[in-house]
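Residue-level structure breakdown
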Amino acid sequence: MLRLSVPFRQAISRLTLPVMFLFSLALMLIGRADQGLTDHLRTGIDDALAPAYELVSGPIAAAEHGTGAIGQLFNLASENAQLRAENASLLQWQSVAMALAAQNNALQSSLHYVPPPAPKFYTGEVVADLGGVYSRSVLVALPDIAKPAGLIGAIAMDGRGIVGRVVEAGERAARVLLITDLNSRVPVALGASGAPALMVGTNGADPSLLYWSPGSPPAEGAMVLTSAVGGAFPPGLPVGIVHYDSQNHPVVLPLANLAALRLLRLFSYPSNLPVLTPIPHAAKAAPRYRKPRA
Amino acid sequence: MTRLPMRRQPSIWRQLDAASRYIFPVGVLVFGLFLIGMPFGLPGQAALRPVYAMACVFFWSLYRPASLPAPFVATVGLLLDLLGLTPLGMWAVLLLLLQGVTLLSRRRLVAQNFLTVWAVFCLLATVTCGLSWAAQSLLTLRQLPAAPLALQMLFAVGFYPAFAAFFTRAHRGAAAVELA
């Protein structure tokens, strides 16, 4: 232990707060100037926290049977009845889907249709809900086989629809920015005609629709699918359903259950990625010059 | 090194006890931030995290400032920025500001009754939340919606008594360095 004189120690204890304050201010400026530093630190923290969160989240997930809310344990009977009714109607839909799939196959073979390459996907458990007041994001624990470098920009879906995109990926965890986040912009196609629009996150539960053509406004109840405009998303992934909050203000009711996410599939589409996809950690390859031989 | 004859070096167990009591406020603060990140799916869960940090910093700066030195507060602020997606360093600056104001008004405030302290915290938290909203709006160059800000302020007002009840027990027991 260092022995310091009393006035010197007093001076240090008095100066700590202002010095830390200036240090934080400087850090704020640095973080503003160099986004890579923030991303790097955040990935490190996420990687460190993911195993701890996995450890604690496991028992909770077991208690709620992966359904997303502990409160659902109390109405199991009514839920069972509802599920039976739903199952009956889904069986009908299954036969319809099989018939349509057969028809689709026949049409594709007669058109010599070339299917798009199947994406690789990883299944990860949502271990933490790490949003801020003005941001919506979740932390997904990655399985060991996942390759984190190619995962930035991957598309996260739950069982029913698009949830968001991976913005940061470390060794053990990836952060998914949800479609409800203020910074989320998803190019979408509306209804059967595939009219283009942009789905913009509003920090609320339902993202709003912008930039649709005034001639053909989105119809209430129309299906919203992703569109390949901009190259960030593959076309045709289910997003949600159009609903009018008020006159001239269409929103998208997401198909994904964003309030209680448990398991996410992260699809990486390598062919689509390079265009318009921010990749903060990509090291800039230094140009190599070869000395001309004398 | 000369030692006064009356003073005895405390045993290793007593030192450990004192150290654990000393780091109790910081430990509980960090653990609470971790806990609030768990996916319970509660509404407004994200708004609770800064409120909890503010309540901690305010309470411990007021009643036990030695246990929460400024470097710890700055670290907690950075953790808050990295967990939520706020600009790096913003909450560190705001929490240090809150701590500075609390320390300056400490002499007068520490003798007051709970209602006055609560009112002062409400005022400080409201100002800090407002500053966080302004800073984020400025740094992202857009006007952020005010509804989450109002929710955060309500949380600050409503949850402080619960936090303070817990902290007061800890202040007299688990965090009391002088009892070691």
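One can find the structure itself at the top, above this paragraph.
Residues numbered from 1 in each chain as written. Chains lettered and ligands numbered in written order. Predicted model: local features only at pLDDT ≥ 70, side-chain atom pairs only at ≥ 80, totals over all residues.

Quick look at the overall build of chain A now. Across its full length, chain A carries 3 helices and 12 strands. The buried share among the 294 residues of chain A stands at 32%. Residue pairs in contact within chain A that sit at least 24 positions apart in sequence constitute 55% of those at least 6 positions apart. (Helix = DSSP H or I, 4+ residues; strand = E, 2+ residues; numbered from the N terminus. Buried ≥ 20, exposed ≤ 12 C-beta atoms within 10 Å, placed from the backbone. Contact = placed C-beta atoms within 7 Å.)

A few words on the interface of chain A and chain B. Taken together, the contact between chain A and chain B spans 33 residues of the former and 32 residues of the latter. Residue assignment for the side of chain A that touches chain B shows that the elements contributing at least two residues are helix 1 (6-33), helix 2 (35-63) and strand 1 (120-128) of chain A. Counting residues per element, the side of chain A that touches chain B draws most heavily on helix 1 of chain A, at 11 residues. Residue classes in the side of chain A that touches chain B are distributed as 19 nonpolar, 11 polar and 3 charged. (Nonpolar A, V, L, I, M, F, W, Y, C, P; charged D, E, K, R; others polar.)

Formed by 102 residues in total, the largest nonpolar core has its most connected members in Val140, Val163, Val166 and Val176 of chain A together with Val57, Leu95 and Leu96 of chain B. When residues of this core are assigned to their parent elements, the largest contribution, 14 residues, is made by helix 2 (residues 45-63) of chain B. (Core = buried A, V, L, I, M, F, W, Y, C linked by C-beta atoms within 7 Å.)

Residues and elements named next belong to chain A. Taking strand neighbours around the barrel as the criterion, the 6 strands line up as 1-2-5-4-3-12 in a closed arrangement whose pairing is antiparallel. With strand direction ignored, the average angle separating the axes of adjacent strands in the sheet is 40°. Where strand 1 meets strand 12 (residues 263-268), 6 bridges bridge the pair, whose relative direction is antiparallel. Along strand 12, the bridge assignment pairs phenylalanine 121 with phenylalanine 267. (Pairing = 2+ DSSP bridges. Axes fitted to C-alpha atoms, helices over the stretch in contact; angles between N-to-C directions.)

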